[in-house]
Amino acid sequence: MATCGKGPMFLKAVNCFGQMKDKFFIANLMKEVIDEVGHQNVVQIVTNNATNCKGAGEIIESMYPHIYWTPCVVHTLNLALKNTCAAKNSEGNEETFELCNLITDIHGNAIQIKNFIMNHNMRLTIFNRFTPLRLLSVAYTYFASIIMMLKRFKLIKKGLQAMLISQEWSSYR
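All chains use their own residue numbering, which begins from 1 and follows the written sequence. Selection of residues for local features in this predicted model requires a pLDDT of at least 70, selection of side-chain atom pairs for listing and counting requires 80 or more, and totals for whole chains, interfaces and linings are taken over all residues. Where side-chain values are given, they derive from all heavy atoms of the structure, hydrogens and water being excluded.

With respect to the packing of aromatic side chains
Reasoning step 1: Only Phe, Tyr and Trp rings take part, Trp by its six-membered ring, and two of them pair if their centres are within 6.5 Å. Stacked means planes under 30 degrees apart, edge-to-face means over 60, and tilted covers everything else. Using the criterion set out here, one finds 2 aromatic pairs in the structure.
Reasoning step 2: A centroid spacing of 6.3 Å and a plane angle of 65 degrees characterise the contact between F116 and W169, whose relative ring orientation is edge-to-face. Pair noted here: F116 is in helix α4 (residues 94–118) and W169 is in helix α7 (residues 167–172), with a separation of 53 residues, a long-range link.
Reasoning step 3: Relative accessibility under 20% of the residue-type maximum defines a buried residue, over 50% an exposed one, and the middle range a partly exposed one, all with a 1.4 Å probe and only protein chains included. Judged by relative accessible area, which is 5%, W169 ranks as buried.
Reasoning step 4: Ring geometry for W169 and Y172: centres 5.6 Å apart, planes at 45 degrees, overall tilted. Of the two residues, W169 and Y172 both sit in helix α7, 3 residues apart, roughly one turn of that helix. Numbering goes from the N terminus for both helices and strands, where a helix is a DSSP run of H or I of at least four residues and a strand is a run of E of at least two.

Digging into the pattern of salt bridges
Reasoning step 1: Here, a salt bridge means any Lys or Arg side-chain nitrogen found within 4 Å of an Asp or Glu carboxyl oxygen. Enumeration according to the criterion identifies 4 salt bridges in this entry.
Reasoning step 2: For E36, the salt bridge is made with K12, and the minimal N-O distance between the two is 3.4 Å. Taken together, the residues E36 in helix α1 (residues 23–37) and K12 in the loop between β2 (7–9) and α1 connect sequence positions 24 residues apart.
Reasoning step 3: Take K12: its relative accessible area is 31%, and that puts it in the partly exposed class.
Reasoning step 4: Across the pair E168 and R129 runs a salt bridge, and its minimum N-O distance is 2.1 Å. You can see E168 sitting in helix α7 and its partner R129 sitting in helix α5 (residues 121–130), a full 39 residues away along the chain.

Printed below as a string of structure tokens:
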């Protein structure tokens with residue numbers, strides 16, 4: 001991907017199946033694209049924070065002193081969320097665990113509620129009458145998916161409450 005004054009554009013995709021994706025392999029792929037678009041047109045490359053990507057960024061910076069490698073902000077935030085939300089209980093870490101484990105507990109409860117509603121047609125039909133928003137089935141690709149799911153639960157909170165005190169729900173049970 002590249003971005004310029006006219007917006008983002010797709011440049012190239014490479015099937016790397018079976019390749020060892022070390023820093024040299026990644027740097028070579030980056031160099032090919034930099035050479036295609038002209039190194040004078042490139043200011044920065046952005047990758048995730050993996051060691052091999054950081055190493056590739058260092059190689060590119062040494063080849064082209066005017067090009068800077070930057071870690072992806074989204075990847076950085078996902079790592080921070082993962083460390084915060086999935087706090088491990090270890091010696092000397094009890095206070096942090098108590099504070100941060102709450103997020104993990106709430107996420108577990110949200111998944112149970114979502115599954116309880118979505119795994120039965122009648123429950124889902126009743127739910128759909130009380131909110132125009134749908135329950136999300138977020139693919140667990142990044143830790144931020146937990147935050148996305150909890151944000152959606154906050155948006156549908158009133159609909160869930162209304163559903164649970166409705167005559168339809170009482171009759172269904």
